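Here's the letter readout for the chains.
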Amino acid sequence: MLYAIIAVDHPNSLPARRQARPAHLARLEALRDEGRLILAGPHPAIDSPDPGEAGFTGSLIVAEFSDLAAAEAWAAADPYREAGVYSTVSVKPFKQVFP
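Conventions and cut-offs
- Residues numbered from 1 in each chain as written.
- Predicted model: local features only at pLDDT ≥ 70, side-chain atom pairs only at ≥ 80, totals over all residues.
- Heavy atoms only, no water.
- Buried < 20%, exposed > 50% of the residue type's maximum accessible area, 1.4 Å probe, protein only.
- Helix = DSSP H or I, 4+ residues; strand = E, 2+ residues; numbered from the N terminus.
- Pairing = 2+ DSSP bridges.
- Lys, Arg positive; Asp, Glu negative; His and termini not counted.
- Salt bridge = Lys/Arg side-chain N within 4 Å of Asp/Glu carboxyl O.
- Polar contact = N/O pair within 3.5 Å; in protein donor to acceptor, adjacent residues only side chain to side chain.
- Contact = heavy atoms within 4.5 Å.
- Expected span 1.5 Å × (residues − 1).
- Bend = angle between axes of the 7 residues up to and from the residue.

Comments concerning the pairing of strand β1 (residues 2-9)
Right, so step 1: In terms of burial, β1 is a largely internal element, 6 of the 8 residues being buried.
Right, so step 2: Where β1 lies against strand β3 (residues 56-64), 7 bridges are found, and the strand directions are antiparallel. Looking at β3, one finds that Ile-5 is bridged to Ile-61.

Looking at the side chain of Asp-78
Right, so step 1: Examined against the element boundaries, Asp-78 turns out to sit in the loop between α2 (68-76) and α3 (79-82).
Right, so step 2: Although Asp-78 is buried, it forms no salt bridge, and the closest oppositely charged side chain is Arg-27 at an N-O distance of 4.1 Å.
Right, so step 3: For Asp-78, the side chain forms a polar contact with the main-chain nitrogen of Tyr-80, separated by 2.7 Å.
Right, so step 4: If we ignore the near neighbours within four places in the chain, the residues touching Asp-78 are His-24, Arg-27, Ile-61 and Tyr-86.

Re helix α1 (residues 14-33)
Right, so step 1: Here α1 contains 20 residues, and its C-alpha end-to-end distance of 27 Å stays within 8% of the 28 Å for a straight helix at 1.5 Å per residue.
Right, so step 2: Taking the largest bend as the criterion, α1 deviates by roughly 55 degrees, centred on Arg-21, and proline Pro-22 comes between one and four positions later.
Right, so step 3: All of the buried residues along α1 are Leu-14, Arg-17, Ala-20, His-24, Arg-27, Leu-28 and Leu-31.
Right, so step 4: With its phi angle positive at about 75 degrees, Gly-35 sits one or two positions after the end of α1.

Structural data, given as C-alpha coordinates:
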(Lines give C-alpha, C1' and ligand atoms only; values in the text may rest on other atoms or scores of the structure.)
Protein backbone atom coordinates (compact mmCIF):
# COMPACT_ATOMS: atom_id res chain seq x y z
CA MET A 1 0.00 0.00 0.00
CA LEU A 2 1.06 3.60 -0.49
CA TYR A 3 1.84 5.90 2.42
CA ALA A 4 2.37 9.66 2.57
CA ILE A 5 5.17 10.83 4.83
CA ILE A 6 4.53 14.47 5.64
CA ALA A 7 7.27 16.30 7.50
CA VAL A 8 7.52 19.84 8.86
CA ASP A 9 10.93 21.45 9.31
CA HIS A 10 12.14 23.24 12.41
CA PRO A 11 12.68 26.95 11.73
CA ASN A 12 16.21 27.76 10.57
CA SER A 13 17.08 24.13 9.88
CA LEU A 14 18.57 24.73 6.43
CA PRO A 15 22.21 24.10 7.52
CA ALA A 16 21.25 20.75 9.07
CA ARG A 17 19.18 19.90 5.99
CA ARG A 18 22.13 20.60 3.70
CA GLN A 19 24.46 18.46 5.80
CA ALA A 20 22.08 15.47 5.98
CA ARG A 21 20.88 15.71 2.36
CA PRO A 22 23.25 13.13 0.79
CA ALA A 23 22.18 10.43 3.25
CA HIS A 24 18.51 11.41 2.90
CA LEU A 25 18.71 11.20 -0.90
CA ALA A 26 20.50 7.84 -0.76
CA ARG A 27 17.55 6.33 1.11
CA LEU A 28 15.10 7.79 -1.42
CA GLU A 29 17.20 6.46 -4.29
CA ALA A 30 17.03 3.00 -2.73
CA LEU A 31 13.22 3.21 -2.64
CA ARG A 32 13.23 4.40 -6.25
CA ASP A 33 15.52 1.58 -7.35
CA GLU A 34 13.16 -0.91 -5.68
CA GLY A 35 10.24 0.60 -7.63
CA ARG A 36 8.53 1.76 -4.43
CA LEU A 37 8.94 5.55 -4.63
CA ILE A 38 6.04 7.47 -6.19
CA LEU A 39 7.25 11.01 -5.47
CA ALA A 40 9.39 12.94 -3.05
CA GLY A 41 10.43 16.52 -2.55
CA PRO A 42 10.64 19.51 -0.25
CA HIS A 43 8.24 22.40 0.29
CA PRO A 44 10.10 25.65 -0.54
CA ALA A 45 9.62 28.36 2.09
CA ILE A 46 8.91 30.91 -0.65
CA ASP A 47 7.12 30.74 -3.99
CA SER A 48 10.20 29.67 -5.94
CA PRO A 49 11.65 26.36 -7.15
CA ASP A 50 15.00 27.53 -5.71
CA PRO A 51 14.30 29.28 -2.40
CA GLY A 52 17.99 29.89 -1.65
CA GLU A 53 18.59 30.91 1.94
CA ALA A 54 14.82 31.01 2.63
CA GLY A 55 15.08 27.23 2.72
CA PHE A 56 12.24 24.80 3.09
CA THR A 57 9.29 24.24 5.41
CA GLY A 58 9.11 20.46 5.14
CA SER A 59 8.94 17.49 2.81
CA LEU A 60 6.52 15.06 1.22
CA ILE A 61 7.30 11.46 0.33
CA VAL A 62 4.80 9.02 -1.17
CA ALA A 63 6.06 5.46 -1.31
CA GLU A 64 4.96 1.85 -1.07
CA PHE A 65 5.44 -0.08 2.17
CA SER A 66 4.09 -3.39 3.40
CA ASP A 67 2.07 -1.72 6.15
CA LEU A 68 1.79 1.41 8.28
CA ALA A 69 4.31 0.16 10.84
CA ALA A 70 6.92 -0.36 8.12
CA ALA A 71 6.30 3.14 6.73
CA GLU A 72 6.57 4.65 10.20
CA ALA A 73 9.79 2.77 10.90
CA TRP A 74 11.29 3.94 7.60
CA ALA A 75 10.30 7.54 8.35
CA ALA A 76 11.70 7.34 11.88
CA ALA A 77 15.14 6.44 10.49
CA ASP A 78 15.28 9.35 8.04
CA PRO A 79 18.60 11.23 8.29
CA TYR A 80 16.69 14.51 8.41
CA ARG A 81 15.00 13.35 11.62
CA GLU A 82 18.31 12.27 13.08
CA ALA A 83 19.85 15.64 12.14
CA GLY A 84 17.03 17.60 13.79
CA VAL A 85 15.65 19.02 10.53
CA TYR A 86 12.08 17.82 11.09
CA SER A 87 9.96 19.06 13.97
CA THR A 88 7.05 16.73 13.17
CA VAL A 89 6.49 13.78 10.88
CA SER A 90 3.17 12.14 10.14
CA VAL A 91 2.66 8.96 8.16
CA LYS A 92 -0.71 8.28 6.59
CA PRO A 93 -2.10 5.67 4.21
CA PHE A 94 -2.47 7.16 0.74
CA LYS A 95 -4.77 6.14 -2.09
CA GLN A 96 -3.50 7.33 -5.46
CA VAL A 97 -6.33 8.31 -7.81
CA PHE A 98 -4.47 10.31 -10.47
CA PRO A 99 -2.40 9.83 -12.60
